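# Secondary and tertiary structure notes
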Amino acid sequence: MADDIAVDVAIVGAGIGGAGIAAGIAGKLSCVILEQEDRPGYHSTGRSAAIFLQNYGNDVIRVLTRASRPIYDNRDETIFPSPLLTPRGSIFVTDKEGIPALHRLLQQSDDLREISVDEAVSRIPILNRDWVAGAAFEADTRDIDVAALHEGWLRKARAGGATVICRAPLTRAVRADGIWTIETPVARVKARTIVNAAGAWADPVAVACGVAPLNLQPFRRSMAVLPAPEGYDIRGWPMFDDARENWYCKPDGGRLFVSPAEEDPVDPHDAFADDMRLAEGLDRFQQAVTISVNRLERSWGGLRTFAPDRTPVVGHDRTADGFFWVAGQGGYGIQTGPALYALAARLLLGLAPAVDVEAVVPALSPNRFR
Ligand SMILES: Cc1cc2nc3c(=O)[nH]c(=O)nc-3n(C[C@H](O)[C@H](O)[C@H](O)COP(=O)(O)OP(=O)(O)OC[C@H]3O[C@@H](n4cnc5c(N)ncnc54)[C@H](O)[C@@H]3O)c2cc1C
């Protein structure tokens, strides 16, 4: 084993959360990122649908999404040479039974406007007119270049002196005299602060540090990749979602990504698609479209980890000196990332939160569960 590494901050997890925070503190606090896998981004970060959807999630999520938008738009071009967001648009559709759900969405959402079935079908020509009873359009939905965001933040962190150590699962950490001693199979790390950015494993990591868990729950979500329907140019299509979240479909790289949008509680693991859930979801999707859904190119699964109130957990734990949480980002950890991880970095640096997110700091605190 290498000699002890001594840093101000040890971040556990090199997903988007760990990378975003490391970029925010790099050059100001010394930092190491410990990643259990052989590469950063292997779990949820590498398996997302890569969508920025303003009208999604609870009020706190919407504040964080809104606050992230200018950071995406005014990106630092030395770190992110190409735009991180590109226009996509989204259409919510429903059959007769889902009309109340569509109306709820319209009431809750800015920038979402009701459109006719004709307009929906003109935008997505494979929609089944016999099924669609209502539709709404949001112009501002964007695709996120997740890999560029993640890699850019890691590059910025490294340029500021941070080190990323892969194949280095935190197995145990003990605090004495204001310093954590963190055990991994490849290095022993001494740090003033542990940042728990371990995604689906955030509760087990807390327990390994002697800190009480927060009842974070990973939920599996599956995704199928279908070939583009023959005879259609899908490049300009918006994503289209069932208003009751029974499925969603996103055109991506010349293919259709279709998810049954399931939320099945599971233990943290290397997730894969659930065949039965996929088949059920594709069957629901099939009713909404005129193409035959009979060839699946591949599939994948990922974990979306939520706190009991479905709001992320960001802040110092008052029950554990030097223990900071960045967890429970659920299905929004990319789109909210710029504001959320900048906030986490400011709290770690002892700075006041940015004004557009200061109101949600108490709602994010781990101490709401203590
Ligand atoms: C199918 C799907 C679609 C999604 N779509 C979107 C979307 O469109 N938009 C959006 O904003 N979000 C989306 N999300 C959610 C988003 O992917 C997550 O919120 C985000 O990736 C969480 O990032 P993270 O860094 O917390 O977790 P992860 O990326 O899982 O990173 C945590 C890291 O911690 C490491 N780790 C765990 N335990 C240890 C340990 N003991 N020691 C060292 N390392 C450890 C893991 O190996 C992992 O690399 C989606 C998620 C899924 C599954």
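Computed from a predicted structure; not experimentally measured. (Residues numbered from 1 in each chain as written. Predicted model: local features only at pLDDT ≥ 70, side-chain atom pairs only at ≥ 80, totals over all residues. Heavy atoms only, no water.)

The helix and strand inventory of the chain stands at nine helices and 20 strands. Taken against the 2.2 N^0.38 rule, which gives 21 Å for 370 residues, the C-alpha radius of gyration of the chain at 21 Å falls within 12% of a compact globule. With the C-alpha coordinates aligned to their principal axes, the bounding extent of the chain is approximately 70 × 40 × 40 Å. Across the chain, the fraction of contacts at a sequence separation of at least 24, relative to all contacts at a separation of at least 6, is 73%. The chain carries 39 positive and 47 negative side-chain charges, and their two centres are separated by 3 Å. (Helix = DSSP H or I, 4+ residues; strand = E, 2+ residues; numbered from the N terminus. Rg over C-alpha atoms; globule rule 2.2 N^0.38 Å. Contact = heavy atoms within 4.5 Å. Lys, Arg positive; Asp, Glu negative; His and termini not counted. Charge placed at Lys NZ, Arg CZ, Asp CG, Glu CD.)

The domain boundaries assigned to the chain delineate domain 1 (5–51 + 146–215 + 309–369) and domain 2 (90–139 + 217–306). Computed over C-alpha atoms only, the centres of domain 1 and domain 2 are separated by 32 Å. Opposite the 19 residues of domain 1 that make contact, domain 2 presents 18 residues. Roughly 1,500 Å² of surface becomes buried between domain 1 and domain 2 when both sides are summed, with 56% attributable to carbon and sulfur atoms. (Domains from an automatic or database assignment. Buried area = accessible area lost by both parts, 1.4 Å probe.)

Next up on the list: the sheet that holds strand β4 (residues 85–87). With antiparallel pairing, three strands are arranged side by side in an open sheet as β3-β8-β4. Pairing within the sheet leaves two strands with one partner each, and these edge strands are β3 (51–52) and β4. Of the pairings in the sheet, the one linking β3 to strand β8 (residues 142–144) comprises two bridges and is antiparallel in character. In the strand pairing of β8, Ile-51 is matched with Asp-143. (Pairing = 2+ DSSP bridges.)

Our next topic: the packing of aromatic side chains. Think of a pair of aromatic rings as described by two things: how far the centres are apart, and how the planes are tilted against each other in angle. The tally for this structure, following the rule as stated, stands at 13 aromatic pairs. Aromatic pair Phe-52 and Tyr-72: ring centres 5.6 Å apart, planes at 85 degrees, arrangement edge-to-face. Residue Phe-52 is found in strand β3, and its partner Tyr-72 is found in helix α2 (residues 59–73); the two are separated by 20 residues along the sequence. Under the relative-accessibility criterion, Tyr-72 is labelled buried at 2%. Pairing Trp-131 with Trp-247 gives two aromatic rings, centres 6.3 Å apart and planes at 45 degrees, and the pair type is tilted. Of this pair, Trp-131 sits in the loop between α4 (117–123) and β7 (134–138) while Trp-247 is found in the loop between β14 (239–242) and β15 (248–252), placing the two residues 116 residues apart along the sequence. (Phe/Tyr/Trp six-rings, centres within 6.5 Å; stacked < 30°, edge-to-face > 60°. Buried < 20%, exposed > 50% of the residue type's maximum accessible area, 1.4 Å probe, protein only.)

As enumerated under the stated definition, the model contains 26 salt bridges in all. Put simply, Arg-129 and Asp-118 hold a salt bridge, and the shortest N to O gap is 2.8 Å. Pair noted here: Arg-129 is in the loop between α4 and β7 and Asp-118 is in helix α4, with a separation of eleven residues, a long-range link. Notably, a salt bridge pairs Arg-368 with Asp-309, separated by 2.7 Å at the nearest N-O pair. Within this pair, whereas Arg-368 is found in the segment after α9 (361–364), its partner Asp-309 is found in the loop between β18 (298–306) and β19 (313–316), the two being separated by 59 residues in sequence. Overall, the relative accessible area of 25% leaves Arg-368 in the partly exposed class. In this structure, a network of salt bridges that share partners links the residues Arg-220, Glu-262, Asp-264, Asp-274, Arg-277 and Glu-280. (Salt bridge = Lys/Arg side-chain N within 4 Å of Asp/Glu carboxyl O.)

With that settled, consider the site of the ligand. As a matter of local geometry, the ligand sits amid 38 residues, with Glu-35, Thr-45, Ile-51, Gly-330 and Gln-335 nearest to it. In this structure, Leu-170 approaches the ligand through a main-chain N or O atom, which is 2.9 Å from a nitrogen atom. Between an oxygen atom of the ligand and a main-chain N or O atom of Gly-333, the distance comes to 3.1 Å. Across the complex, the protein chains shield 97% of the 1,000 Å² of accessible surface that the ligand would expose by itself. Within the residue set of the shell around the ligand, elements represented by two or more residues are α1 (16–25), β13 (217–227) and β18. Among the elements that line the shell around the ligand, the one with the most residues is β18, at three residues. Considered class by class, the residues forming the shell around the ligand number 18 nonpolar, 15 polar and five charged. Built from parts of two domains, the shell around the ligand gets at least three residues from each of domain 1 (5–51 + 146–215 + 309–369) and domain 2 (90–139 + 217–306). (Near = heavy atom within 4 Å. Polar contact = N/O pair within 3.5 Å; in protein donor to acceptor, adjacent residues only side chain to side chain. Areas by Shrake-Rupley, 256 points an atom, 1.4 Å probe, with all protein chains shown as cover. Nonpolar A, V, L, I, M, F, W, Y, C, P; charged D, E, K, R; others polar.)

Looking now at helix α7 (residues 275–288). With 14 residues, α7 extends 20 Å from end C-alpha to end C-alpha; this agrees with the ideal 20 Å at 1.5 Å per step. When α7 is considered as a whole, its buried residues turn out to be Leu-278, Gly-281, Leu-282, Phe-285 and Ala-288. The arc enclosing the buried residues of α7, seen along the axis, measures out at 100 degrees, which places them on a common side. In this structure, the buried residues of α7 make contact with β13, β14, β15, β16 (255–259) and β18. Taking the backbone nitrogen of Met-276 as reference, a side-chain oxygen 3.1 Å away marks Asp-274 as the first, capping residue of α7. (Expected span 1.5 Å × (residues − 1). Arc of directions from axis to C-beta.)

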